[in-house]
Amino acid sequence: MLLVLPASWRATTAGRNGVWVVLATAFQWQLAANALFHLSTRIIMGEYTPGAVTGAVVSLPATAYYLARLRREDRARSREIGVAVALGTVIAALALGFLFL
């Protein structure tokens, strides 16, 4: 959260495009990837996993809204969104990997 808040704030004050918008998008995508992980483990294991409900009800809709608004307001180009999704996926993988160390 210490990285998400400043990146999000800077992205709102930045004009179109830029590194702050990419970072904020990467962090938002990381939340969606985390939600998909929790939902997948719920389905595969057949057991309740913490974060599955929050992921389905909050993270995935928030990410869909964020990405739609990002495109509607032309705040990021397709390439920047692609970079952000790749970066967010790496962040999510590192976070999950860290939990299993």
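The structure under discussion appears in the preceding block.
Structure report, in brief.

Cut-off values and rules
- Once a new chain begins, its residue numbering starts again from 1 and follows that chain's sequence as written.
- Residues qualify for local features only when their pLDDT is at least 70, as the model is predicted, and side-chain atom pairs are given and counted only at 80 or more; totals for whole chains, interfaces and linings, by contrast, use all residues.
- Excluding hydrogens and water, the side-chain figures rest on all heavy atoms present in the structure.
- Counting from the N terminus, the helices are the DSSP runs of H or I reaching at least four residues and the strands are the DSSP runs of E reaching at least two.
- Take a side-chain nitrogen of Lys or Arg and a carboxyl oxygen of Asp or Glu: if they are within 4 Å of each other, that pair is a salt bridge.
- Residue burial is assigned from relative accessible area. The probe radius is 1.4 Å, only protein chains are included, and a residue is buried under 20% of its type maximum, exposed over 50%, and partly exposed in between.

Structurally, the position occupied by alanine 56 is in helix α3 (residues 52-72). Sequence separation between alanine 56 and alanine 84 is 28 residues; the distance between their C-alpha atoms is 21 Å.

As a further point, take the pattern of salt bridges. Counted by the stated rule, this structure contains 1 salt bridge. The partner of arginine 69 in a salt bridge is glutamate 73, and the shortest N-O contact between them spans 2.7 Å. Judged by relative accessible area, arginine 69 falls into the partly exposed class, the value being 37%.

Although it is not a glycine, aspartate 74 sits at a positive phi angle of roughly 55°. Topologically, aspartate 74 is positioned in the loop between α3 and α4 (78-99). Judged by relative accessible area, which is 36%, aspartate 74 ranks as partly exposed.

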